[in-house]
Amino acid sequence: MAYDPNSQSNLDEVKTSHIHLNLAVDFVAKTLAGSAELDIEAIANNVSKLILDTSFIAIHSVTLDGAPLKYTLADRHEKYGSALTIELGKTLAKGDKAKVVIGYATTDECTACQWLEPSQTVGKKHPYLFTQCQAIHARSMVPCQDSPSIKLTYSAAINAPLRAVMSAVPTGEEKQANGTTTYKFHQKTRMPSYLIALAVGNLEGREIGPRSTVWTEPEVIEAAAWEFVDTESFIRTGEELLTPYDWGRYDLLVLPASFPYGGMENPCLTFVTPSLLAGDRSLVDVVAHEIAHSWMGNLVTTENWEHFWLNEGFTVFVERKILGRMQGKEHAEFSAIIGHKAMVESVEIYGKDHPFTALRPCLRGEDPDDAFSSIPYEKGFNLLYYLEKHLGGPEVFEPYVRAHVQEFAGRSINTDDWKAFLYSFMEKNFGQEKVDLLNKVDWEAWLAGTGMPPVENKFDDTLAKACNCLCKKWDHSRTVEKPTEFSPKDIEEFSPTQKVVFLERVSELDSLPHSHLELMDKLYGLTPVRNAEIKFRWHMICLKANYEKMYPEVAEFASTMGRMKFCRSLLRALYLAKNGAELARATFKEHRAFYHPIAATMIAKDLGLAK
Ligand code: BES
Ligand code: ZN
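Model, not experiment: these values are computed from the prediction. (Residues numbered from 1 in each chain as written. Chains lettered and ligands numbered in written order. Predicted model: local features only at pLDDT ≥ 70, side-chain atom pairs only at ≥ 80, totals over all residues. Heavy atoms only, no water.)

Asker: Any chance you could explain the site of ligand 1 here in plain terms?
Answerer: The local shell around ligand 1 holds 16 residues, among which Gln-134, Gly-262, Glu-265, Glu-290 and Tyr-377 are the closest. Within the backbone of Gly-262, a nitrogen or oxygen atom sits 2.6 Å from an oxygen atom of ligand 1. Between Arg-563 and ligand 1, the recorded distance is 3.2 Å, taken from a side-chain N or O atom to an oxygen atom. Calculation on ligand 1 without its partners gives an accessible area of 520 Å², and the protein chains cover 89% of this total. At the level of secondary structure, the elements contributing two or more residues to the shell around ligand 1 comprise strand S19 (263–264), helix H3 (285–292) and helix H4 (308–327). For the shell around ligand 1, the leading source of residues is H3, giving 3 residues. Here the shell around ligand 1 is built from residues that sort into 6 nonpolar, 6 polar and 4 charged. (Near = heavy atom within 4 Å. Polar contact = N/O pair within 3.5 Å; in protein donor to acceptor, adjacent residues only side chain to side chain. Areas by Shrake-Rupley, 256 points an atom, 1.4 Å probe, with all protein chains shown as cover. Helix = DSSP H or I, 4+ residues; strand = E, 2+ residues; numbered from the N terminus. Nonpolar A, V, L, I, M, F, W, Y, C, P; charged D, E, K, R; others polar.)

See below:
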């Protein structure tokens, strides 16, 4: 039976099989208003109520077959919202079905939606709306069983004054007499509620592959179409590794700068941050990552947020397999080196004994957003990487990963389900020898242990060597007042990713003198750099060194780039830097409306400004 500590729904009595949304997008009131029709089925006997998750939603009516039903909205749980209890007016026996229609509207406190003013878009002329439902924000957009253990199909009719796109296949549009248009969608593959997604704005589409269109504001369509040309090859490589792509379309939506994540794997339509538009195709591994979710997460889904690593660890593993096949093994291993550093930082931030540093944390009473970090990604990846080696390499492990998808596609699973299938696959296909190897794995330390993983994997450092070497040179130069051995040539041959790794190595050193940082900046052109990953590492070095001259640059970047990886980390580091706290708080307060509600909440907590 599904267990989900982060949902208030009666998951043991009812499941939803389909939701139809009928919503009007009102940019003046900043609301989505209309109805959600839920097709439910009793999974137990004597079911007389349906309990749904809601958060900051105004409920107007609830009906069943046209007849009004009694309902109550409970007092708000601080983290999980207000449970909506609906009296069905009859008892359902196991297998009985019903259609419940809920009339509702969102409010200005809904955390899934960000309503942007025209001034916050690239074009500056039209408003924009986008949603972000993972992990538990779908309940602030649609009253639903907001648990990844529930998988459903959905359809929608969205009435809007500008183009609407969703995590589904478009099925038609109808112009209305008042000048608005109704956009229709259908998602035929069963998926969890956190993958419901909507964006509305001045959008233009450009075909970039046989099943892919990139959507953006017209001003950046050219750049986006150029950056993401490799999309189809990523999907093909995923299909070679796993199973045929199931979702029909794979479109991309490049959002305005306030989008809080790098990418979000909304089915049929991945959402990405505009910071991927580096102009050199160096950041498209995020697209490979979101494509990998088409299998890992979207087909095989975590049962609840305690097993989030099954989504992200597996996705990172497949992302690096795709990268390895397309660009060569050393690139995949280089990515693992960067990932390892991110994990070390996350463990440092939480502290090595913190429960959220465990691969499978307990989230009872917790907000999954607070548990979000690189740990499920990289500890999960490292576990799978270790298992692959331990069990005999890709010839043994890749067939297993494919079988994992075939076994669990369409289902929601937990870590025990995962492990049981791993054992049974290995036994069936390779015999007792592999079972003996599996029995040698320290499962307790990997799954429940806090801090860094129990086994340290070795990654191929071919691409890291030059970065480490240059970093050492800088380290040795620290005692010389005006070092002369450096020049722009040092990094001329570096790929953007090598520049990132060079800066990461520098950030691990005791801070260099400010005059050295000034020289490095001048020679390597760091402050004006466009690539957000490079800029971010440079800013972090300056903050660690309390290099106050750069603080205004940091504040500027952190208030125009809403991807939390950048703005949240920078504001936190600025807050901790010498004489930085005031500026960090002031920057956040001044630009609060720029940030997505999810990012604003997290930053407020980091800066000690939470209510
Ligand atoms: N699904 C995640 C983003 C997410 C996770 C949103 C949890 C809300 C809650 C997405 O696939 C992701 O992992 N994005 C990364 C990409 C990176 C690992 C390549 C990001 O945003 O940086
Ligand atoms: Zn992911």
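Asker: Teacher, can you tell me more about the UniProt feature "active site" (unreviewed entry) in the protein here?
Answerer: With numbering aligned to this structure, UniProt lists the feature "active site" (unreviewed entry) at Glu-290 and Tyr-377. These annotated residues cover 88 residues of sequence, and their C-alpha atoms lie no more than 13.0 Å from one another, placing them together at a single site. Within the fold, Glu-290 resides in helix H3. Each residue touching Glu-290, except ones within four places of it in the same chain, is listed here: Tyr-250, Gly-263, Met-264, Glu-265 and Thr-270. Looking at Glu-290, its side chain comes within polar contact range of the main-chain nitrogen of Glu-265, at 3.3 Å. (UniProt positions renumbered as here; feature names shortened; annotations may be inferred. Contact = heavy atoms within 4.5 Å.)

Asker: Honestly, the nonpolar core in this entry has me stumped. Any pointers?
Answerer: The tendency in soluble globular proteins is for nonpolar side chains to be buried as a group. Within the largest apolar cluster, 209 residues are counted, with the highest numbers of intra-cluster contacts made by Phe-228, Leu-387, Trp-418 and Phe-502. Each residue touching Leu-387, except ones within four places of it in the same chain, is listed here: Phe-397, Trp-418, Leu-422, Leu-438, Val-441 and Trp-443. (Core = buried A, V, L, I, M, F, W, Y, C linked by side-chain atoms within 4.5 Å. Buried < 20%, exposed > 50% of the residue type's maximum accessible area, 1.4 Å probe, protein only.)

Asker: Looking at this structure, how should I read the sheet that holds strand S4 (residues 57–64)?
Answerer: As a general point, the strands of a sheet are linked pairwise by backbone hydrogen bonds and lie either parallel or antiparallel. Spatially, the 8 strands line up as an open sheet ordered S5-S4-S8-S2-S1-S11-S14-S13, and their pairing is mixed. Of all strands in the sheet, those bounded by a partner on one side alone are strand S5 (67–68) and strand S13 (169–175). With 12 bridges joining them, strand S1 (residues 14–26) and strand S2 (residues 31–42) adopt antiparallel strand pairing. Within S2, the position partnered with Ile-19 by the bridge is Leu-38. (Pairing = 2+ DSSP bridges.)

Asker: Explain the coordination of the zinc ion (ligand 2) here, please?
Answerer: Coordination angles at a metal have ideal targets, namely 109.5 degrees for four tetrahedral donors and 90 or 180 degrees for six octahedral donors. For the zinc ion (ligand 2), the full set of protein donor atoms is His-289 (NE2), His-293 (NE2) and Glu-312 (OE), and the range of their distances to it is 2.0 to 2.1 Å. For the zinc ion (ligand 2), the single-chain donor residues occur in sequence as H-x3-H-x18-E. Of the two residues, His-293 is situated in the loop between H3 and strand S21 (301–302) and Glu-312 in helix H4; the sequence distance between them amounts to 19 residues. Glu-312 matches His-293 in its accessibility class, with the two residues each being buried. (Donors = N, O, S within 2.8 Å, 3.2 Å for Na, K, Ca; no water.)

Asker: Sorry, what's going on with the pattern of salt bridges here?
Answerer: Two side chains bearing opposite charge may form a pair once their charged atoms approach each other closely. One pass over the full model with this rule turns up 31 salt bridges. A salt bridge links Asp-251 to Arg-249, with the shortest nitrogen-to-oxygen separation between them at 2.9 Å. What makes Arg-249 partly exposed here is its relative accessible area of 24%. Glu-378 is the salt-bridge partner of Arg-320, the closest N and O atoms lying 3.0 Å from each other. Linking Arg-320 in helix H4 with Glu-378 in helix H7 (residues 374–391), this pair joins segments that are 58 residues apart in sequence. Here Arg-320 and Glu-378 have matching classes, each one buried. (Salt bridge = Lys/Arg side-chain N within 4 Å of Asp/Glu carboxyl O.)

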